[in-house]
Amino acid sequence: MTSTIRKATAHDAGRLAALAAVTFPLACPPSSSPEDIAAHLANTLSEKHFQGYLADPDVTVLVIDADGDLRGYSLLVNRPAQDPDVASALTLLPSVELSKCYVHPEHHGLGAAAELMHVSLESAAAAGGAGIWLGVNSQNARAIRFYEKSGFRKVGSKSFRLGTTVEHDFVLERPV
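Definitions and cut-offs
- Residue positions are given per chain, counted from 1 along the sequence in the order it is written.
- pLDDT decides what is reported in this predicted model: residues at 70 or higher carry local features, side-chain atom pairs at 80 or more are listed and counted, and totals for whole chains, interfaces and linings draw on all residues regardless.
- Heavy atoms from the whole structure form the basis of all side-chain values; hydrogens and water molecules are not counted.
- Here the nonpolar core consists of buried residues drawn from Ala, Val, Leu, Ile, Met, Phe, Trp, Tyr and Cys, with membership extended through side-chain atoms lying within 4.5 Å.
- Exposed residues in this analysis have more than 50% of their type's maximum accessible area, buried residues have under 20%, and partly exposed residues fall in between, with area computed by a 1.4 Å probe over protein chains only.
- Helix and strand definitions follow DSSP, with helices as H or I runs of at least four residues and strands as E runs of at least two, each counted in order from the N terminus.
- When checking whether two residues touch, look at their non-hydrogen atoms; a contact exists if any pair is within 4.5 Å.
- Axes here refer to lines fitted to C-alpha atoms; in helices the fit is confined to the stretch in contact. Angles between the N-to-C directions go from 0 to 180 degrees.
- Working definition: roughly parallel below 35 degrees, roughly antiparallel above 145 degrees, roughly perpendicular at 65 to 115 degrees, and oblique for all remaining angles.
- By definition, any crossing whose near helix is turned counterclockwise from its far helix by less than a right angle is left-handed, and any crossing with a clockwise turn is right-handed.
- Three categories are distinguished: nonpolar for Ala, Val, Leu, Ile, Met, Phe, Trp, Tyr, Cys and Pro, charged for Asp, Glu, Lys and Arg, and polar for the others, with Gly belonging to the last.
- Pairing between two strands requires that DSSP report at least two bridges joining them.

Participant: How would you summarise the nonpolar core if you had to cite specific residues and measurements?
Facilitator: Leu16, Phe24, Phe50, Val61 and Tyr73 are the most contacted members of the largest nonpolar core, which has 23 residues in total. Of all the secondary structure elements, the ones that give two or more residues to this core are α1 (13-23), α2 (34-44), α3 (47-55), β2 (59-66) and β3 (69-77). Broken down by element, this core gets its largest block of residues, 5 residues, from α1. With near-sequence residues (within four places) excluded, Leu16 lies in contact with Ala8, Phe50, Leu54, Val61, Val63, Leu70 and Tyr73. With 20 residues, the next largest nonpolar core counts Leu116, Leu121, Ile132 and Leu172 among its residues.

Participant: Please provide a residue-by-residue account of the environment of Tyr73, values included.
Facilitator: Here Tyr73 lies in strand β3. Taking the C-alpha atoms as reference points, Tyr73 and Ala20, 53 residues apart in sequence, are found 8.7 Å from one another.

Participant: A description of unusual backbone geometry should follow, citing residues and the corresponding values.
Facilitator: With an omega dihedral of -5°, the bond running from Leu93 to Pro94 counts as a cis peptide bond. Structurally, Pro94 can be placed in the loop between α4 (84-89) and β4 (95-103). The phi dihedral of Asp67 falls on the positive side, at around 50°, and the residue is not glycine. Looking at the secondary structure, you find Asp67 in the loop between β2 and β3.

Participant: Give a description of the packing of α1 against α3 that names residues and reports values.
Facilitator: The N-to-C vectors of α1 and α3 enclose an angle of 120°; their axes lie 8 Å apart at closest approach. Here α1 lies oblique to α3, going by the angle between them. Between α1 and α3 lies a crossing of right-handed hand. On α3, the residues that touch Ala13, Gly14, Leu16, Ala17 and Ala20 of α1 are Glu47, Phe50, Gln51 and Leu54. Residue composition of the contact of α1 with α3, by class: 6 nonpolar, 2 polar and 1 charged.

Participant: I'd like to hear about the pairing of β2, residue by residue, with values.
Facilitator: It is a general feature of regular strands that their side chains alternate between the two faces of the sheet. The buried count for β2 comes to 8 of 8 residues, which makes it a mostly enclosed element. Burial along β2 is two-sided: Val59, Val61, Val63 and Asp65 facing one way and Thr60, Leu62, Ile64 and Ala66 facing the other are all buried. Of the strand pairs in this sheet, strand β1 (residues 3-7) and β2 are connected by 5 bridges, and their pairing is antiparallel. Note on β2: the bridge partner recorded for Ile5 is Ile64. In terms of strand pairing, β2 meets β3 through 8 bridges, oriented antiparallel. When the sheet's bridge partners are listed, Val59 is paired in β3 with Val77. Between the end of β2 and the start of β3, which pair antiparallel, lie 2 residues, with Asp67 showing a positive phi angle near 50°.

If you want it as C-alpha cells, here you go:
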C-alpha cells in the first residue's frame with residue numbers, strides 16, 4: 001500500500017468525518033461518555049464542519065491518502081489564538097494552531113504520524129508561522145509522548161468542553 005500526504009479537497013469532507021469518528025474517541029479520557037463524544041463529533045467533526053474547514057482560507061487540512069483511503073489527517077489554523085489562556089502562554093509568534101492531528105489506529109506505530117507531523121510543520125512554516133501550538137488532553141499520555149518526541153514543550157494549560165464535561169488540556173508549543 002502506498003500513501004501520500006496531500007492537502008484535502010472538498011471531496012474529502014465525508015471521508016474526513018468518517019475518519020474523525022474513528023480517531024477522535026481515541027484521544028478522549030476513559031471517563032468520557034459516549035454521548036459527549038457523539039455530541040463533539042456532531043458539533044465539530046461532521047461532514048458539514050469539514051466542508052467549512054476546507055472552505056476557510058485560514059485553515060489547511062492535510063490527509064494521509066493510502067490508495068484512496070484516508071488514514072490520517074491534521075488541521076492547521078493560521079490565525080491568532082482566541083483563548084486567553086492560550087494566547088498568554090504562547091512565546092513564538094506568529095503561531096499556527098495544530099488543531100487536529102489523528103492517525104487511524106491501524107497505522108499507529110508505522111511512522112505515519114511522524115510523517116504527518118513533518119508535513120504539518122512544513123505547512124505551518126510556509127504559512128508564515130514562527131511557532132506551532134496545540135492543545136492535548138492532560139490524560140492522553142500516548143499523545144503527549146508523541147508531541148514531546150516531535151519537539152513540543154508544555155507552555156500552559158486550557159479548558160476544553162467535551163459535551164457536558166470540561167476537560168483539561170496542556171498547551172504545547174514548538175518552533176517551526
